[in-house]
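Coordinate analysis (summary)
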Amino acid sequence: MKPTVVKIDNLVKRYGELVALDHFSLEIKEGEIFGLLGPNGSGKTTTINCLLSLLAYDKGEIEVFGKEMTPVSYDTKSQIGVIMQNVAVIDELSVRENIDYFCGLYVLDKAKRKECVDWAIGFVGLEDFENFRPKKLSGGLLRRLNIACGIAHKPRLIILDEPTVAVDPQSRNRILEGIQQLNREGATVIYTSHYMEEVEQICTRIAIMDKGRKVAEGTKDELKSMIRNTESVTIEILELPEDVRAKIASQPHVYETEYDGNKLTVRCSGGRHNLIRILGVLQEAELGFGRVYSELPTLNDVFLEITGTALRDSKE
Ligand code: ADP
Ligand code: MG
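Residues numbered from 1 in each chain as written. Chains lettered and ligands numbered in written order. Predicted model: local features only at pLDDT ≥ 70, side-chain atom pairs only at ≥ 80, totals over all residues. Heavy atoms only, no water.

Attention shifts here to the site of ligand 1. Taken together, Tyr15, Leu18, Ala20, Pro39, Asn40, Gly41, Ser42, Gly43, Lys44, Thr45 and Thr46 make up all the residues around ligand 1. The separation between an oxygen atom of ligand 1 and a polar main-chain atom of Ser42 is 3.2 Å. In this structure, an oxygen atom belonging to ligand 1 sits 3.0 Å away from a main-chain N or O atom of Gly43. Protein chains shield 59% of the accessible area of ligand 1, which is 560 Å² for the free molecule. When residues of the shell around ligand 1 are traced back to their parent elements, those giving at least two are strand E2 (18–29) and helix H1 (44–51). (Near = heavy atom within 4 Å. Polar contact = N/O pair within 3.5 Å; in protein donor to acceptor, adjacent residues only side chain to side chain. Areas by Shrake-Rupley, 256 points an atom, 1.4 Å probe, with all protein chains shown as cover. Helix = DSSP H or I, 4+ residues; strand = E, 2+ residues; numbered from the N terminus.)

Listed below in structure tokens is the structure:
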């Protein structure tokens, strides 16, 4: 059994009347890339801030590396790397100086620090921008600098709060691959996002949050097996008489049909050959149709079934 890195027990955080975290619990083991997935306002950042003792909370217990976390847990904090949602770098310092500054909070030895800074610059691919001020960097490069500042001291636990929001695809991929590499090299990772595709891509375990509560937790396969939906069939079709739709709806395993005048979506639970049966009904009725595709459930379907609303999954 791997040691526990983070344990959050029954955390409650209120902002006045608003309950931002409602008896939220979590246990993260060494070696995980743990995803906190939830829409904006679900409490991800609040969780991170409480976890780091940057924010006082109303109730609950938090342990990191087996010790109670407090505002003065400097030894524990030196083993954590934090990449905050809002980029926090110093405008007056160059890329290299920024990384050196943040690394210097934990690594005092100069030679060792230089090694760390060189490594971090290479790791995020900012070699050509070492002497640039942050203001001269594109959004994606700035995010990479933010990450380099958080990881240069080689922390055992790395926390990234929505590190890919408003980032170009190239930097996004680089960031996601970088996280996986740091994890392979031994770091435990906490990754928050409202992009389900990213969480599916890199996280070994996922907690889905909604309105300050944990609504589901597991590997992506476990989460998907919790829901009824096993397949969504979509058919482009311009004309669909109600009796034909009803016939499709009555096929085995079909539990929901949705038609918007252009596209028919059929949600199925279990069973095989759903697609063939549905197309069979259309052919029998001699109706023409365009593109057809069948999709396995996504984490969005999990969120939808559990909470009744869709998790926004479009790239901003
Ligand atoms: P997320 O990171 O998942 O988007 P947050 O943790 O930032 O969510 O916010 C959770 C809830 O707490 C939201 O309803 C948000 O409006 C509220 N909130 C966050 N920070 C504050 C604050 N400083 N004062 C009052 N309300 C806040
Ligand atoms: Mg947030």
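That shown, we press on.
Reading across the sheet, the six strands line up as E6-E7-E8-E3-E9-E10 and stay open at both edges, with mixed pairing between neighbours. Every interior strand has two partners, whereas the edge strands, strand E6 (80–83) and strand E10 (213–218), have only one. Each strand of the sheet is rotated relative to its neighbour by a mean of 15°, with strand direction disregarded. Two elements, strand E9 (residues 205–210) and E10, share five bridges in a ladder whose sense is antiparallel. By the bridge assignment, Ala207 is partnered in E10 with Glu217. Across the sheet, H1 lies against strand E3 (33–37), strand E7 (157–161), strand E8 (188–193) and E9, angled at about 145° from E8, the strand it touches most. Against the sheet, helix H11 (residues 299–307) contacts E3, E9 and E10, and its axis sits at roughly 40° relative to E9. (Pairing = 2+ DSSP bridges. Axes fitted to C-alpha atoms, helices over the stretch in contact; angles between N-to-C directions. Contact = heavy atoms within 4.5 Å.)

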